[in-house]
Every structure is written in C-alpha cells, then in structure tokens.
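# Analysis of the macromolecular model
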Amino acid sequence: MTLYIGVMSGTSLDGLDIALVELDPAINLIATHYIPMPDSLRCELLALCASGPDEIARSAIAQQNWVKLAAQGIATLLAEQNLQPADIRAIGSHGQTIRHEPARGFTVQIGNPALLTELTNITVVSDFRSRDVAAGGQGAPLVPAFHEALFEEQPGNRAVLNVGGFSNLSLIEPGKAVSGFDCGPGNVLLDAWIHQQRGDNYDRDGQWAASGKVEPALLRALLSDPFFVTQGPKSTGREVFNLPWLTQHLSRLTAFAAQDVQATLLELTALTIVESLQQAQSATRELLVCGGGAHNLALMARLASLLPDATVSSTGAYGVDPDWVEAMAFAWLAHCCLEGIAANRPSVTGARGLRVLGAIYPA
C-alpha cells in the first residue's frame, strides 16, 4: 500500500481539505481532515489577490501561516490513523492561488513547500501549474486527468463538473483524449454577494437564491463578459470575476432586490456550465458534480432542468465523496511527479505537449 496526502485550499477560502489516499494501482480515499480557515488568514489571502502595500512581505507571512495550519492538520490526520511520517510517500500541496494570469505567462500559488517539508518531515510536491504555463498552457484546470483516471471505465460520454469558487468541466469520451476548461464563476460571486448582504459565508443549499427571481437585464449584462464567448483552452479566477465586477454591472442598471441578484448569479453559474457543456460535448449522458456546489440543491436542480437528457448527480454516485475529489487529485499529482508521469493534458490547457508537473522538496 502506497500512501499519499493531498492538501487543497480552493478559491472559496473556506478551509483546508487534507486527504489520505492509497495509490498504485487503485485510487482509494482512506481518511480525511478539514481545517476551517481562520478569518484573519482568509481576509489576508483575499487581499493578496489584488495589488497592495508591502505585498511581498505580507505574502511571505501569509504562506507561513497557511503552512503551519496545513502541518497541524496533517499531524492530526496521521495521529488519528496511527501513522508516522515515514508511512507517507509524499504530500501533494496545491497551496493557495493568489494570482492566475496565464495570458501574461504566470500563475502564483503560495504555500512554502520547504517549510511544509520541515514541519512534517515528509517529502512535498508542489507548484503543479507553473510547468504547464511555461509550456504555453493555461496551467488550469489540472483535475481532468485525475477525473479521467477515476471515471474512464464508465460507459458513454460523461462530464465531471467541479464547482468550487469557479466551475470547470472535464469531458470524458471513450477513445478520445480527455478535454476540459473553466466555465466561469462557480460559488465565488454567490459567496461574495451573500457575505456582503447578509454576513453569511455561503448560501446554504442555495435557499436564498431560490427565494429570489432571475433578473433578465442583469443576467444579459453579466453574460456579456468576453470570457464567456472565448473558446477553450481557457481558465479564469478572481482577477476577472469578483465583487467589484458585479458591483460595476449593478451600478449601470435599476436597483434589484438582493435575493434577486443572488438568484441571477445562480442562473449565471448554471447557464455558463450548461452552455459550455452542450457546445463542447452535446451528447453527454451523465454529469457528475463535485466540490462545494454539489451541496447547493438549487444549483443541482437547475442543472438537471437544463439537461433533461442527461443524468445529473454528485460523484458520490460512484463512491467518490464530492467534497474530497480535489484534495485526492493533488495526492495523485504528487504520485505522477515522483513517478515521472505527465499529468497535464494539452487538450485541456493548450500546452505545447505533455509535461511532468510539480517541484519536489525531499524530506
């Protein structure tokens, strides 16, 4: 049994997902641990997504705090499983994305892997996106190859949808290379709007969105963003879709009820997912959803209504917990790096070819 740990902190910034995974040959989730993101660290990481004073030093301090949190969670998980650091071949650490601008040739994930190695005494593999960007790719999404490894044996055309802060699709067809791309905002605008209006970090089950109505004029304005007409490979992030972006659109229109804005944002997420899917893989038989969006009942219902000819369910239908797919993916990516296996997919990112991803910090 070969054990890896995957650590994932997504754009939602709600916390750190830590997954203990058995690999080679099968992919099995053994145990998990979740650490909520402290408010002070969450606020600082959000602030670092835009330029600001003394940001180099602030970034260095923030990543030290992020790593200490991750190391604490890893130690707890190992203790719960009666494991020692020597039992783990490597940690795959995504770090925290604070800038992602592949059009300008860079992507930045902070997470100080050297410190994580020192604190855990376990080999760490990190910086998975940079090599793909260096090869002319988007550096994202990275999970389609892992989705293919998980679900390639299932029959028919299917898609795996990850809805975190942003939404991305992996398109899996028998006999074809996996493809995929970012669709646009997932939860990022929904979370930002409800936090501004009600002080909540997220819309539980999509209840607040379900209480409002879609405003067509606002929806048309939001859909006019150039990203939505760009063909893949493509990726996006907070640099494009954020609360100021939404506020700018709202300022040009008649005032709407807050819950109606939330309903419109949910419709934006659902429509951009479905339109992207239908354009790229019209004969999809099954859509498997993972990430926090899998728990948004209003979003899941809307996706099902927009895709009447496909089955819409969470990855849990195949025994893969939707909350832990991304953390599992980074454990798998660490394995690929150590084994010299190319883990990007040019059909997804647009890179010039297959590349081994990640930088290794030996214990």
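Residues numbered from 1 in each chain as written. Predicted model: local features only at pLDDT ≥ 70, side-chain atom pairs only at ≥ 80, totals over all residues. Heavy atoms only, no water.

So the rule is basically this: UniProt positions are given in the numbering used here, feature names are shortened, and annotations may be inferred rather than shown by experiment.
You'll find the protein chain entered in an unreviewed UniProt entry as Anhydro-N-acetylmuramic acid kinase, with Pseudomonas gregormendelii given as the organism. As stated in UniProt under Sequence similarities (unreviewed entry), the record for the protein chain gives "Belongs to the anhydro-N-acetylmuramic acid kinase family." What UniProt states about the protein chain under its Function (unreviewed entry) heading is, verbatim, "Catalyzes the specific phosphorylation of 1,6-anhydro-N-acetylmuramic acid (anhMurNAc) with the simultaneous cleavage of the 1,6-anhydro ring, generating MurNAc-6-P. Is required for the utilization of anhMurNAc either imported from the medium or derived from its own cell wall murein, and thus plays a role in cell wall recycling."

## Some details on the nonpolar core
Note the threshold: Put simply, a nonpolar core is a bunch of buried Ala, Val, Leu, Ile, Met, Phe, Trp, Tyr and Cys residues held in one set by side-chain atoms that sit within 4.5 Å of each other. Relative accessibility thresholds used throughout: buried, under 20% of the residue-type maximum; exposed, over 50%; partly exposed, between the two (1.4 Å probe, protein chains only). For helices the rule is a DSSP run of H or I covering at least 4 residues; for strands it is a run of E covering at least 2, with both sets numbered from the N terminus onward. Any two residues having at least one pair of non-hydrogen atoms within 4.5 Å are treated as being in contact.
L169 and L287 are the most contacted members of the largest nonpolar core, which totals 45 residues. In terms of residue count, helix α10 (residues 258-280) provides more of this core than any other element does, ten residues in total. Not counting residues up to four positions away in its chain, the partners in contact with L169 are P144, A159, V160, L161, S179, G180, F181, C183, I273, S276, L277 and L287. Among the nonpolar cores identified, the runner-up in size contains 33 residues, and Y4, V143, V325 and C336 belong to it.

## Digging into the sheet that holds strand β13 (residues 359-361)
Going by this rule: At least two DSSP bridges between two strands are required for those strands to pair. Every angle, taken between N-to-C directions, lies between 0 and 180 degrees, and every axis is a line fitted to C-alpha atoms, over only the stretch in contact when it is a helix.
Pairing is mixed in the open sheet, where six strands are placed in the order β3-β2-β1-β4-β7-β13. Edge strands, defined here as strands with exactly one partner in the open sheet, are β3 (28-36) and β13. Strand-to-strand twist of the sheet, defined as the mean angle between neighbouring strand axes without regard to direction, takes the value 20°. Pairing geometry for strand β1 (residues 2-8) and strand β4 (residues 88-93), over five bridges, is parallel.

## Brief notes about the UniProt feature "binding site: ATP" (unreviewed entry) in the protein chain
Where we set the bar: Each cavity reported here is a set of points on a 1 Å grid over the protein atoms alone in which a 1.4 Å probe fits but cannot get out, each pocket an open set with protein on both sides within 12 Å along at least five of seven lines, and each lining residue one with an atom within 4 Å of a point.
As recorded in UniProt, the feature "binding site: ATP" (unreviewed entry) lies at G10, T11, S12, L13, D14, G15, L16 and D17. Lining the second largest pocket, from this annotated set, are T11 and S12. Classification of S12 as partly exposed rests on a relative accessible area of 21%. Here S12 is in contact with R42, G165, D191 and R238, once residues within four sequence places are set aside. Summarising the element assignment, L13 is placed in the loop between β1 and β2 (15-23). Aside from chain neighbours lying at most four places away, what touches L13 is M37, R42, L45, L46, Q96 and R238.

## Some details on empty space enclosed by the protein
Taking a probe equal in size to a water molecule and rolling it over the atoms shows the remaining empty space. What counts is decided by this rule: Grid points are joined across faces, edges and corners, and a volume is the space filled by probe spheres set on the points.
This structure, assessed with the given rule, holds one cavity of 30 Å³ or more. What the largest cavity holds in volume is close to 40 Å³. In this structure, the largest cavity is lined by P141, L142, P144, A145, A343, N344, R345, V348 and T349. Listed by contribution, the elements that provide at least two residues to the lining of the largest cavity are α5 (144-151) and α13 (346-349).

## Side note on the side chain of R238
Condition: Counted as positive: Lys and Arg. Counted as negative: Asp and Glu, with His and the chain ends omitted from the count. The working definition used for a salt bridge is a side-chain nitrogen of Lys or Arg within 4 Å of a carboxyl oxygen of Asp or Glu.
Mapped onto the elements, R238 comes out in the loop between α8 (216-223) and α9 (243-251). An unpaired buried charge is present at R238: no salt bridge exists, and D191, the closest side chain of opposite charge, is 6.6 Å distant. Those residues in contact with R238 that lie beyond four places of it in its chain are T11, S12, L13, L46, C49, F166 and V188.

## Quick look at the layout of surface pockets
Size it by volume and the second largest pocket reaches roughly 470 Å³. Along the walls of the second largest pocket sit 22 residues, with L46, A192, R238, N242 and L243 positioned nearest its centre. Listing elements by their share of the lining of the second largest pocket, those giving two or more residues are α1 (39-47), α6 (188-198) and α9.

## A word on α6
Looking at α6, one finds that the buried residues are V188, L189, L190, D191, W193 and I194. The inward-facing, buried residues of α6 abut β9 (166-172), β10 (179-185), α7 (207-210), α9 and α10. Of the residues trailing α6, G199 is marked for its positive phi of about 80°.

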